[in-house]
Amino acid sequence: MGDGVVCGLAKSLGCCRLCALRLCAERNSQRYKQLEDDVPTNDASNCSVCVGALDGALLQELCTQLVEEMAGFEANQFTLNVQLPSSCLVRERAAWLYATRPPDDPAGESGLNSVVESFEDVVDLKEALRWALIDPVSRETGMTNILEAPLQVNILVKRASLEAEIQELDVLRPLLPLPPKQRKRPYHQGAEEVVDGSKGTGQFGQVSDSTDSIRAVIKALADPQSLQLLVDSILFPPPKPETPSRISGTIEHVPIFLTGSYIKLSRQLPQTAWIIDGVRKCNTSVQEQIEVGVIKAFGADLARFHSAGREDVDVRMLGHGRPFMLELRGVRRGTLPDNKLSEIQAQICESEIVHVRGLRVCDAAYVQALVKEGEDGHIKDYRAVVHLGRDVTQSELDTLSSKCPIELAQLTPLRVLHRRTHAVRQRSIHALRGTCITSRFILLDLTTQAGTYVKEFVHGDFGRTTPSLGDILGCEADILQLDVLGVRPKSESMQPAKAVSYTHLRAHETDSY
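*Asks:* Describe the sheet that holds strand β3 (residues 151–158), and please don't skip the residues or the numbers.
*Replies:* Strand order in this open sheet of four strands is β2-β1-β3-β7, and the pairing throughout is mixed. Because the sheet does not close on itself, it has two edges, and the strands there are β2 (144–145) and β7 (246–253). Pairing of strand β1 (residues 77–83) with β3, which is carried by five bridges, proceeds in the parallel orientation. Opposite Asn81, over in β3, you have Asn154 as the bridge partner. Sheet contacts for helix α3 (residues 56–70): β1, β3 and β7; angle to β7, the most-contacted strand, approximately 20°. On the sheet, helix α5 (residues 125–141) packs against β1, β2, β3 and β7 and is oriented at approximately 150° with respect to β1.

Next up, the structure:
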């Protein structure tokens, strides 16, 4: 298509050169590249169609910003995403509709007769933005653009005038879903804002959720009635905007997920930072012991910790450990050398309080599976030191196993009532075994359903857990120490797990029963 036709169409519609190319279904991406010689060639600051989104000077400034920020990431590939205001879709459709109904122009000087007859053939504004930006960004960074890269470059186009955007969206109001007519939402000064669904805006000039939705606008434009609404509107043809759109870019690496199992050797260590009323209760936590080296290695901003359940601060996690996952956000280094994770794991294991096994990269879907299994997909093995209110013999303790399974009714324990729903929970003790230490001190090995409050099973929690060990033995029972010996799939044996040997640990890392 000749430049004369493009210029004629741009003049007739009041649009920029690139929007004229789009309306003519020009799919040669080379014609959209306008930053090759560092000279912006498309003045779209007052384009009636893209509202300045394809302005060469604006894109040149954006490209410079993106290149500078991408230099802080270690990556070879990137994906460029574009988010547009929904009003741009309305203007684009109105411009096409006007161009396909031109006045008599036998000479074709207006260029309107070059516009494609099917709107489906019009080049999408997002695609044109990608064509304009990808090559210069790739050239300056040395990175390749692909469809799904870990490094995400997000372009946001936003209208400068909210009032103008609302006015243009109101053209399709009869076809847009209305929000509730009286929907209250909090206002930052304490007042409540009432949103009038018939107007689509609130008292403080906010666009309603339905009209701000790209999906709602696309659905409305697909309705045949939208054609007449556009013809009868102020957008036929679309006027030049008073102020151009704003365009900005952000760069982020997709989260990286690591998994493994942790062993906790201290009885003074919470799983995550323990802070009450702004006061820290312990100097560190399992999460902090694990994440410090990982965050540094990946150049991450923060890490979120997920695990298959959790143990109390004074309970050790032994056996093969508890499965966990770290979700790394704000990553700047997407990959590590082959042996780096092994080095990080070894550094964690030098700690006197936390060891890690099987540290590796995992899939994002593992989070949901981990949480789900932690709730109801596991059985757990415990060992407790218990003090009894009377003398017992080994023969009495030997009868405990025959009473299993034991079905418990556990009312929310008093110690967690401030943060747990007040409810009765049905839980099961699958296996139970007692061993005398002295006549009043015993080792108690249990295999339980996930979510069982073991401490409360022992002492009864003032009758809130029934039956309790004290009820079964007919005496008071109090728990002195508790260890988790294993977290196992339900499919495994319900018998108590054998105690794991820890002879490889330094003497000060173990407690003597």
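We are not done yet, so read on.
*Asks:* Lay out the packing of aromatic side chains with the relevant residues and their values.
*Replies:* Under the defined criterion, the tally for this structure stands at six aromatic pairs. Considering the side-chain rings of Tyr262 and Phe305, the 6.2 Å spacing of their centres and the 50° angle between planes classify their relative orientation as tilted. Separated by 43 residues along the polypeptide, Tyr262 in strand β8 (residues 256–264) and Phe305 in strand β11 (residues 302–307) bring together distant segments of the chain. With a relative accessible area of 14%, Phe305 lands in the buried category. Aromatic pair Phe305 and Phe324: ring centres 5.7 Å apart, planes at 10°, arrangement stacked. You can see Phe305 sitting in strand β11 and its partner Phe324 sitting in strand β12 (residues 316–329), a full 19 residues away along the chain. Among the aromatic residues, those joined into a cluster by ring pairs are Tyr262, Phe305 and Phe324. When the ring centre of Phe119 is taken as reference, the NZ or CZ atom of Arg93 above it lies at 4.0 Å.

*Asks:* Give me the nonpolar core: which residues, what numbers.
*Replies:* Counting 70 residues, the largest nonpolar core has Cys50, Leu54, Met70, Phe78 and Ile155 as the members making the most contacts within it. Not counting chain neighbours up to four residues away, the residues in contact with Phe78 comprise Met70, Ile134, Val137, Ser138, Met143, Thr144, Asn145, Ile146, Ala149, Leu151 and Val153.

*Asks:* An account of α5 is needed here, citing residue identities and associated values.
*Replies:* A rise of 1.5 Å per residue sets the reference length of α5, with its 17 residues, at 24 Å; its end C-alpha atoms lie 24 Å apart and thus fit the reference within 8%. Considering bend angle alone, the principal kink of α5 is centred on Leu133 and spans about 30°; proline Pro136 follows within four residues of it. Regarding α5, the residues found buried are Leu125, Ala128, Leu129, Trp131, Ala132, Leu133, Ile134, Pro136, Val137 and Ser138. Gly142, located one to two residues past α5, shows a positive phi value of around 75°.

Conventions adopted
- Residues numbered from 1 in each chain as written.
- Predicted model: local features only at pLDDT ≥ 70, side-chain atom pairs only at ≥ 80, totals over all residues.
- Heavy atoms only, no water.
- Pairing = 2+ DSSP bridges.
- Helix = DSSP H or I, 4+ residues; strand = E, 2+ residues; numbered from the N terminus.
- Contact = heavy atoms within 4.5 Å.
- Axes fitted to C-alpha atoms, helices over the stretch in contact; angles between N-to-C directions.
- Phe/Tyr/Trp six-rings, centres within 6.5 Å; stacked < 30°, edge-to-face > 60°.
- Buried < 20%, exposed > 50% of the residue type's maximum accessible area, 1.4 Å probe, protein only.
- Lys NZ or Arg CZ within 6 Å of the ring centre and 35° of its normal.
- Core = buried A, V, L, I, M, F, W, Y, C linked by side-chain atoms within 4.5 Å.
- Expected span 1.5 Å × (residues − 1).
- Bend = angle between axes of the 7 residues up to and from the residue.

Bear in mind that shape data such as this cannot, by itself, settle questions of function.
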